[in-house]
Amino acid sequence: MINLVLFGPPGAGKGTQAIFLARKFNLVHLSTGDLLRQEIAAQTDLGRIADEIISKGELVPDSIVIDMIESKLKKPKTTVGFIFDGFPRTVPQAQALDQLLRKHHSKVSVMLCLEVEKEELIDRLLKRGLTSGRCDDADAATIENRINVYNEKTAPIIRYYESQGKYHPIQGTGPIEEITSRLKETVENM
C-alpha cells in the first residue's frame, strides 16, 4: 500500500497536486477539510459531534479527525493507498497517524513537501482570494500570519519524517505541470 503525506505551507499547491497524484497512482485523496464536510453532510455520529464543535468556533480535536480517517481506512478499497492532504499538521498528529496506520498493517510511505518562497505564497494566495471567496486569502496580513503559524507549529513535522527517511522536498514553483512532474518522478522512484 502507498500512503503519501502531501505537505507544504498555505498556497503551496497541495490541493491541486493531491488531485493529480490521487488519479495518477490510484490513491484515495483524504483532505481533512473535505472529510469533515462529508461527515457533517452525511450526519454521521462523528459528523454531528464535529458540527457541534465547529458551530462553537472551536477546532475539531485530533481524536475525531483520526476516527474519521480510520473510517475511510476500514472501507473496502479499490485503490492502492491514500494521499493525506492537510493532515498531519503537528508532530502529535503525525504520531497518531503512524499508530493508526500500524493498526491497519500499513505506514506512511513518503512525505512530499512542496517548498515555495514566502513572497510567492503571499502572491498566490492573494490571487486565489480574488476568486475563492475565502476571507483568509484576501488580506496580506492574515496570509502572513497563516504562514508564520505554519512555520512555527506545522513545519516541525519535517524533522519527524526526515528522521524516518521519508521526507522528500519538492520545488513547488514553476508551471503546475513541472511541479506535477517532480512529484510523479519522486513517487515512481520510491
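Residues numbered from 1 in each chain as written. Predicted model: local features only at pLDDT ≥ 70, side-chain atom pairs only at ≥ 80, totals over all residues. Heavy atoms only, no water.

Trainee: Can you help me understand the overall build of the chain in this one?
Mentor: When its secondary structure is counted, the chain shows 9 helices and 5 strands. Expected size for 190 residues packed as a compact globule is a radius of gyration near 16 Å; at 16 Å, the chain falls within 12% of this value. Taken over the C-alpha atoms alone, the chain extends approximately 45 × 40 × 30 Å along its principal axes. Each of the 190 residues in the chain was classed as buried or not, and the buried ones make up 44%. Considering only contacts within the chain whose residues lie at least 6 apart along the sequence, 72% involve residues at least 24 apart. (Helix = DSSP H or I, 4+ residues; strand = E, 2+ residues; numbered from the N terminus. Rg over C-alpha atoms; globule rule 2.2 N^0.38 Å. Buried < 20%, exposed > 50% of the residue type's maximum accessible area, 1.4 Å probe, protein only. Contact = heavy atoms within 4.5 Å.)

Trainee: Please explain helix H4 (residues 62-74) as it appears in this structure.
Mentor: The α-helix advances 3.6 residues per turn, and as a result positions three or four apart in sequence lie on the same side. Between its first and last C-alpha atoms H4 spans 18 Å; for 13 residues at 1.5 Å apiece the expected length is 18 Å, and the two agree. Looking only at H4, the buried set comprises Ile 64, Val 65, Ile 66, Met 68, Ile 69, Glu 70, Lys 72 and Leu 73. Tucked into the core, H4 has its buried residues touching strand E2 (27-31), helix H2 (32-41), helix H3 (45-55), strand E3 (81-85) and helix H5 (91-103). (Expected span 1.5 Å × (residues − 1).)

Trainee: How should the packing of aromatic side chains be read in this particular structure?
Mentor: Two measures describe an aromatic ring pair: the distance that separates the ring centres and the angle between the ring planes. Overall, the coordinates contain 3 aromatic pairs when judged by the stated rule. Centre to centre, the rings of Phe 7 and Tyr 150 are 5.7 Å apart; their planes meet at 40°, and the pair counts as tilted. Taken together, the residues Phe 7 in strand E1 (residues 2-7) and Tyr 150 in helix H7 (residues 140-154) connect sequence positions 143 residues apart. Grouping residues by exposure puts Phe 7 and Tyr 150 together as buried. (Phe/Tyr/Trp six-rings, centres within 6.5 Å; stacked < 30°, edge-to-face > 60°.)

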